[in-house]
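Examination of the molecular architecture
What follows is the residue order along each chain.
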Amino acid sequence: MILPETIELVEVGARDGLQNEKTLVSTADKIELIRRAAAAGARRMEVASFVNPRRVPQMEDAENVCAGIEDLDVVRIGLVLNRRGAERALATCVDELGTVACASDGFGIANQGQTSAESVEEAAAIIRCGLDAGRRAQATISVAFGCPYGGPVDPGRVGEMARRLGDAGAHEIALADTIGVAGPGDVVRVMKKVRVSVPDIPIRLHFHDTRNMAIANALIGVSLGASVLDGSIGGLGGCPFAPGASGNVATESLVYMLDSLKIESGLDHSELCKSAQWILTKLGRQ
Ligand code: MG
């Protein structure tokens, strides 16, 4: 097993972590969460999602959250699913557009009203919007390891999507286990296809801990060349359109694993734990 010396962590707590919370979190608390993550060493974060607020009410203050973190020395990613969202995001301080293409039609239609093929073309169009505006753009392939509606996903299809999105200008391809069905074997199979499709583009991995596989998946993914991992402080998260999806892998757990392997992430485990305690208390959790 060959392990890297460093891994980039993307903190997704303020977006994927909170978007499924039924209790509306105040704008001030979202800003505080992002500031705490930055203070713990996070240098790249998903800070908001520019989606229809009627569908995801928790994200309706995306512009105000961005306005409250303009001074932070971090890369701010704004998630966008369509060109309307891209226009909104580009009017804020986000440094990078996060686009999403779905590996299955069933999830694509439920999550963003697009088939898989349509979502790839929409993501490609959004990437162009971002690059034209002088920002960075990445692409996430959701349900890359399995779909709650359609079951197994063909790794070859994920590889083809990665190639198309890379050709469109995505600086990074993220593979998301949106509902937490992946086991390490799935990570091996999908990573093999994607590495061949986009050999020169960094691969980022996004895991949910539904079946307690997230740490094992992250470790095997890193050993196969993934250079970026997503985490959510306190393991917050889920997805309103992914039945049964439980929390994202906790950032503090990823950091504990990376620290143990002497892989530098730049994040401080004990600071993350304090912030996890803070946000979980806010949400009335243990
Ligand atoms: Mg997620």
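Attention in this report is confined to the structure presented alongside it. (Residues numbered from 1 in each chain as written. Predicted model: local features only at pLDDT ≥ 70, side-chain atom pairs only at ≥ 80, totals over all residues. Heavy atoms only, no water.)

1. Focus on unusual backbone geometry
This is how the line gets drawn: Comment: elements are numbered from the N terminus, with helices defined as DSSP H or I runs of at least four residues and strands as E runs of at least two. Throughout this description, buried means an accessible area under 20% of the type-specific maximum (1.4 Å probe, protein chains only), exposed means over 50%, and partly exposed covers the range between.
Phi is positive for Val-143, which is not a glycine, with a value near 40°. When you line up the elements, Val-143 lands in the loop between strand 5 (136-142) and helix 7 (155-167). Positive phi is not limited to glycine here, since Asn-212 has a value of about 60°. Following the sequence through the fold, Asn-212 ends up in the loop between strand 7 (203-206) and helix 9 (214-223). Exposure remark for Asn-212: the relative accessible area of 62% places this residue in the exposed category.

2. Notes on the coordination of the magnesium ion
The test is simple: Water is not part of the atom set, so a site may look incomplete; the donors themselves are N, O and S atoms within 2.8 Å of the metal, or 3.2 Å for Na, K and Ca.
The coordination sphere of the magnesium ion, as far as protein atoms go, consists of Asp-16 (OD), His-206 (NE2) and His-208 (NE2), spread over 1.9 to 2.2 Å. Written as a sequence motif, the donor arrangement for the magnesium ion is D-x189-H-x1-H. Of the two residues, His-206 and His-208, neither departs from the other in class, the shared state being buried.

3. Some points on the pairing of strand 4 (residues 96-102)
Inclusion rule: A crossover counts as right-handed when, viewed with the strands pointing away from the observer, the path leading from the first strand over the helix to the second turns clockwise. We treat two strands as partners when DSSP finds at least two bridges between them.
Counting buried positions along strand 4 gives 7 out of 7 residues, so the element sits mostly inside the fold. What you see with strand 4 is no split at all: Glu-96, Gly-98, Val-100 and Cys-102 on one side and Leu-97, Thr-99 and Ala-101 on the other are buried throughout. Crossover connection from strand 3 (residues 75-80) via helix 4 (residues 83-90) to parallel strand 4: handedness right-handed. Summarising the sheet, strand 4 and strand 5 pair through 7 bridges and their orientation is parallel. Residue pairing across strands places Gly-98 opposite Gln-138, the latter belonging to strand 5.

4. Observations concerning the environment of Gly-134
With respect to the helices, strands and loops of the structure, Gly-134 is situated in the loop between helix 6 (116-132) and strand 5. The class of Gly-134 is exposed, set by a relative accessible area of 65%. Separated by 40 residues in the primary sequence, Gly-134 and Val-94 have C-alpha atoms spaced 11 Å apart.

5. Here's the deal with the packing of aromatic side chains
Let me state the cut-off plainly: Pairing of aromatic rings covers Phe, Tyr and Trp, the last through its six-membered ring, and needs centres within 6.5 Å; plane angles under 30 degrees mean stacked, over 60 mean edge-to-face, and all others mean tilted.
Here the structure, examined in full by the defined rule, presents 1 aromatic pair. An angle of 35° between the planes, with centres 5.9 Å apart, marks the rings of Phe-145 and Phe-207 as tilted. Of this pair, Phe-145 sits in the loop between strand 5 and helix 7 while Phe-207 sits in the loop between strand 7 and helix 9, and the two are 62 residues apart along the sequence. A relative accessible area of 7% means that Phe-145 is categorised as buried.

6. Regarding the nonpolar core
Definition in use: Put simply, a nonpolar core is a bunch of buried Ala, Val, Leu, Ile, Met, Phe, Trp, Tyr and Cys residues held in one set by side-chain atoms that sit within 4.5 Å of each other. Contacts are assigned to residue pairs that have any heavy atoms within 4.5 Å of one another.
Ranked by internal contacts, the top residues of the largest apolar core, which has 90 residues, are Ile-141, Phe-145, Val-158, Leu-165, Ile-173, Leu-175 and Leu-205. Apart from residues lying up to four places away in sequence, Leu-175 is in contact with Ile-141, Ala-144, Phe-145, Val-158, Val-190, Met-191, Val-194, Ile-203, Arg-204, Leu-205 and His-206.

7. So, the pattern of salt bridges
Heads up, the rule is: Here a salt bridge means any side-chain nitrogen of Lys or Arg lying within 4 Å of a carboxyl oxygen belonging to Asp or Glu.
Per the stated rule, a full pass over the model turns up 20 salt bridges. A salt bridge links Glu-96 to Arg-136, with the shortest nitrogen-to-oxygen separation between them at 3.0 Å. Within this pair, whereas Glu-96 is found in strand 4, its partner Arg-136 is found in strand 5, the two being separated by 40 residues in sequence. You can call Glu-96 buried: its relative accessible area is 0%. Judged by its relative accessible area of 37%, Arg-136 falls in the partly exposed class. Residue Arg-204 is joined to Asp-230 by a salt bridge in which the shortest nitrogen-to-oxygen separation is 2.6 Å. Here Arg-204 is found in strand 7, whereas its partner Asp-230 is found in strand 8 (residues 228-231), with 26 residues between them in sequence. Considered together, Arg-204 and Asp-230 belong to a single accessibility category, that of buried residues.

8. Examining helix 6
To keep it simple, the criterion reads: Working rule for helices: expected span equals 1.5 Å times residues minus one.
The end-to-end C-alpha separation of helix 6 is 24 Å, in line with the 24 Å expected for 17 residues at 1.5 Å each. As for helix 6, its buried residues are in contact with strand 3, helix 4, strand 4, helix 5 (105-112), strand 5 and helix 7. Backbone geometry just after helix 6 places Gly-134 at a positive phi near 80°.

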